[in-house]
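Given next are the chains, with one letter for each unit.
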Amino acid sequence: MAKLQSLDPHTPMFAQFKEKTGPIVLANTFVVPKERAEVFLTLFRRQAEFMKAQPGFVSLQMHKGTADSQLLMNVAVWESTEALAAAFGSPEFQRMAAEFPDDIVSYPHIFEQIDA
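We now turn to the structure provided with this report. Quick caveat, the model's predicted, so the values are computed rather than measured.

In the structure shown here, the tally under the stated rule is 4 salt bridges. The partner of lysine 34 in a salt bridge is aspartate 68, and the shortest N-O contact between them spans 3.4 Å. Here lysine 34, found in the loop between β2 (24-31) and α2 (37-52), pairs with aspartate 68, found in the loop between β3 (57-64) and β4 (71-78); they are 34 residues apart in sequence, far enough to count as distant. Among the residues examined, lysine 34 registers a relative accessible area of 42% and is labelled partly exposed. Accessibility expressed as a relative area gives 59% for aspartate 68, which makes it exposed. The shortest N-O distance in the salt bridge between lysine 52 and glutamate 49 comes to 3.4 Å. Of this pair, lysine 52 and glutamate 49 both sit in helix α2, separated by 3 residues, roughly a single helical turn. On the basis of relative accessible area, lysine 52 is assigned to the partly exposed category, the value being 40%.

Set out below in structure tokens:
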């Protein structure tokens, strides 16, 4: 299973699930060793198909770091934190999450849009 780390140590992702808000953006940055990239993307695509079918899902995009980076970033829009938490906590999602190699590190964080 990938290691889950807090992007903001003062606000871990599971604490963010308690905030009743929406719409939200989940930005999840992954550190993926080059030799694991294809395995990671295969597993991620399967997991993404599951998430796309969940209530409250809006959209998803995956981005790759430039210049031979080991970073990949998933940006997913959800109607609410409740919808994301329900999908994330489902037994099927948890089974899929357990399949990711142990040497992958995930930095998820939930954001709200603000006016610039």
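Moving on to the nonpolar core. Counting 17 residues, the largest nonpolar core has Met51, Trp78 and Leu84 as its most contacted members. At the level of secondary structure, the elements contributing two or more residues to this core comprise β2, α2, β4, α3 (81-89) and α4 (91-97). At 4 residues, the largest contribution of residues to this core is made by α3. What tryptophan 78 contacts, discounting residues up to four positions off in sequence, is Pro23, Ile24, Met51, Gln54, Pro55, Gly56, Phe57, Val58, Ala83, Leu84 and Ala87. Ala2, Leu41, Leu72 and Ile104 belong to the second-largest nonpolar core, a separate cluster that totals 11 residues.

Here the focus is the environment of proline 108. Here proline 108 shows up in strand β5 (residues 105-111). Given a relative accessible area of 3%, proline 108 falls into the buried group. Distance from proline 108 to glutamine 5, taken between C-alpha atoms, is 7.4 Å for residues 103 residues apart in sequence.

What α3 keeps buried is the set Thr81, Ala83, Leu84, Ala87 and Phe88. One face of α3 carries all of its buried residues, which in axial projection span an arc of 160 degrees. In this structure, the buried residues of α3 make contact with α1 (13-16), β2, α2, β4, α4 and β5.

Calculation criteria
- Residues numbered from 1 in each chain as written.
- Predicted model: local features only at pLDDT ≥ 70, side-chain atom pairs only at ≥ 80, totals over all residues.
- Heavy atoms only, no water.
- Salt bridge = Lys/Arg side-chain N within 4 Å of Asp/Glu carboxyl O.
- Helix = DSSP H or I, 4+ residues; strand = E, 2+ residues; numbered from the N terminus.
- Buried < 20%, exposed > 50% of the residue type's maximum accessible area, 1.4 Å probe, protein only.
- Core = buried A, V, L, I, M, F, W, Y, C linked by side-chain atoms within 4.5 Å.
- Contact = heavy atoms within 4.5 Å.
- Arc of directions from axis to C-beta.

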